[in-house]
Amino acid sequence: MITVDAALRLVLEQATPLAPARVPLGHALGCVLADDVASDLDSPPWDKSMVDGYAIRVADLATGTAELEILEEIVAGAVPTRSVVPGATTRIMTGAPLPPGSEAVVMVERAELLDERRVRLADKPPRPGQNILVRGSSFRRGERIIPRDTLLGPVHIGLLCEVGCAEPVVRPRPRVAILSTGNELVSAAETPRPGQIRNSNGPMLAALTSKVNATPIELGVARDELADLRRRIAAGLESDLLVLSGGVSAGVLDLVPSVLAELGVAQIFHKVNLKPGKPIWFGSREAAGHRTLVFGLPGNPVSSLVGFELFVRPAIERRAGRSTAPHSIVRALIDNGPFTQRGDRTTYYPATCDSAAHGGAARLSVRLLPWQGSADLRTLAAANALVVFPAGERTYATGDEVDALLL
Ligand code: AMP
Ligand code: MG
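As the structure is a computational prediction, the values presented were derived from the model and not from experiment. (Residues numbered from 1 in each chain as written. Chains lettered and ligands numbered in written order. Predicted model: local features only at pLDDT ≥ 70, side-chain atom pairs only at ≥ 80, totals over all residues. Heavy atoms only, no water.)

Can you help me understand the pairing of strand β9 (residues 111-115) in this one?
Moving residue by residue along a regular strand, the side chains alternate between the two faces of the sheet. Alignment of β9 against strand β10 (residues 118-122), held across four bridges, turns out to be antiparallel. The residue bridging Asp115 from the neighbouring strand is Arg118, located in β10. Turn length for the β9-β10 hairpin, with the two strands adjacent in sequence and antiparallel, is two residues. (Pairing = 2+ DSSP bridges. Helix = DSSP H or I, 4+ residues; strand = E, 2+ residues; numbered from the N terminus.)

Structure (structure tokens):
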């Protein structure tokens, strides 16, 4: 059986980035830029005032006071119509373009209006350029402002607006089809009859997908029968990834691998040496230039969650063009030993991870939660990490160091 690391390598090999596409700026948050973006203008686009005040020639205020004639007033959105000449000034608002002839701006707080057309200024003799931001001092037209491969955050969205990029070219959000399988499954709104349980995985996997900034496409529940599975899986193969839950173990109704094979999905691995989630299935299909990665996660909710965190999330991120590390793994000290771990598989064990003071130094600590196994989703609700226990038997004491994968 292959290891988690080997399986992850196989997944990442298949997880090619999606072809770039233009999207409206309002849809670009969280996407990766696929092309450099250059500015179509200088910033600022003109010499602009950084304060509300009076644009003057510096010689007029050489003594620190002056009475000047007001030529005009320039509000935001307006442009100057007159040059500032000796003995005159133009009233100007923050951000407005400087009139020709002016060399500095005196803040409005240093001005006393004498009448409609006259003002007295009293300030230190100004230096040329005072309170002025020179055209192009942030960047120049044609300059590269955001390099390709940047993950776009809110500030990038603002910057793209400033430089006139209304439809950036990005890696599109991966479309992730989600299909739960199982005759026993009913929806959250239903009351399960004997033998039935509610479908936790479908909505949970959709929520996990949204959180990775991908688009979930919920395909409902497939019955454990060939025709229904074929029909719904075929629909799911239209997406960039298809995530199934259930039906990949060794039971008589575990039909998913055979239907996937029938529909042309090449198996890359089935079963990984991990707990929970060993029966996980992974494959890929390429048809008419479109690649779909297919994950069959075991049906127990915690197995599904762990399979998603270990393999599906990194695959989505790579297809979205992100080059971040597949997992955030930290070293942390066990807080509530002794804890005995045994088994022949790498185990991902729910825990809470906090920063805490250990002997004066700030360190991360993990508290193992009282977990009942792969059907116990409730305990996972409190967890923010999975402690990674290597295969084998060992008793861990309080203060022992372990790896923890942050959720
Ligand atoms: P399977 O992987 O199909 O053998 O399912 C393993 C266990 O997980 C069984 O107890 C199923 O009832 C349960 N299970 C399967 N699918 C889901 C689901 N969507 N939500 C919650 N539990 C599930
Ligand atoms: Mg099943």
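Is there a simple way to think about the pattern of salt bridges in this case?
Opposite charge on two side chains makes pairing possible when the charged atoms of those side chains draw close. According to the stated counting rule, one finds 21 salt bridges in the structure shown. Linking Arg140 and Asp42 is a salt bridge whose minimum nitrogen-to-oxygen distance equals 3.5 Å. Taken together, the positions of Arg140 in the loop between β11 (132-133) and β12 (144-146) and Asp42 in the loop between β3 (37-38) and β4 (48-49) put the pair 98 residues apart, joining distant regions of the chain. Ionic pairing is found between Glu401 and Arg331, a salt bridge with its closest N-O pair at 3.0 Å. Remark: Arg331 occurs in strand β23 (residues 329-334) and Glu401 occurs in strand β29 (residues 401-406); sequence separation between them is 70 residues. Ionic contacts of the salt-bridge type, sharing partners, join the residues Arg331, Arg363, Glu401 and Asp403 into one network. (Salt bridge = Lys/Arg side-chain N within 4 Å of Asp/Glu carboxyl O.)

Any chance you could explain the side chain of Asn199 here in plain terms?
As for its placement among the helices and strands, Asn199 is situated in the loop between β16 (197-198) and α3 (201-211). Within the local environment of Asn199, its side chain forms a polar contact with the backbone nitrogen of Asn201, the two atoms lying 3.3 Å apart. A polar atom in the side chain of Asn199 sits 2.9 Å from the backbone nitrogen of Gly202. Setting aside chain neighbours within four positions, we find Asn199 in contact with Ser180, Leu185, Val186 and Val221. (Polar contact = N/O pair within 3.5 Å; in protein donor to acceptor, adjacent residues only side chain to side chain. Contact = heavy atoms within 4.5 Å.)

For this particular structure, what's the right way to read the sheet that holds strand β1 (residues 21-22)?
Within a beta sheet, neighbouring strands are joined by backbone hydrogen bonds and run either parallel or antiparallel to one another. Taken together, three strands build an open sheet; the order of strands is β1-β13-β2 and the sheet is antiparallel. Lying at the two open borders of the sheet, with one neighbouring strand each, are β1 and β2 (32-33). Relative to strand β13 (residues 169-171), β1 is paired through two bridges, and the arrangement is antiparallel. Paired with Arg22 across the bridge in β13 is Val169.

Explanation requested: helix α6 (residues 301-319) in the structure shown.
Approximately 45 degrees is the largest bend angle found in α6, and it occurs at Phe308. Counting buried positions along α6 yields 18 of 19 residues, so the element is predominantly enclosed. Just downstream of α6, Gly321 is the residue with a positive phi angle, here 85 degrees. (Bend = angle between axes of the 7 residues up to and from the residue. Buried < 20%, exposed > 50% of the residue type's maximum accessible area, 1.4 Å probe, protein only.)

Help me out: how do you make sense of the nonpolar core in this one?
For soluble globular proteins, nonpolar side chains are generally found buried alongside one another. The biggest cluster of nonpolar side chains holds 55 residues, and the ones touching the most others in it are Phe295, Phe311, Tyr348, Val366 and Phe389. The element contributing the most residues to this core is α6, with nine residues. Taken domain by domain, the makeup of this core includes at least three residues from each of domain 1 (4-18 + 172-319) and domain 4 (329-406). Among residues more than four places away in sequence, those in contact with Phe311 are Val4, Ala7, Leu8, Val11, Val272, Ile280 and Phe295. Counting 17 residues, the second largest nonpolar core, distinct from the first, contains Leu229, Leu237, Leu244 and Trp281. (Core = buried A, V, L, I, M, F, W, Y, C linked by side-chain atoms within 4.5 Å. Domains from an automatic or database assignment.)

Geometric descriptors of this kind do not, in isolation, establish any biological role.
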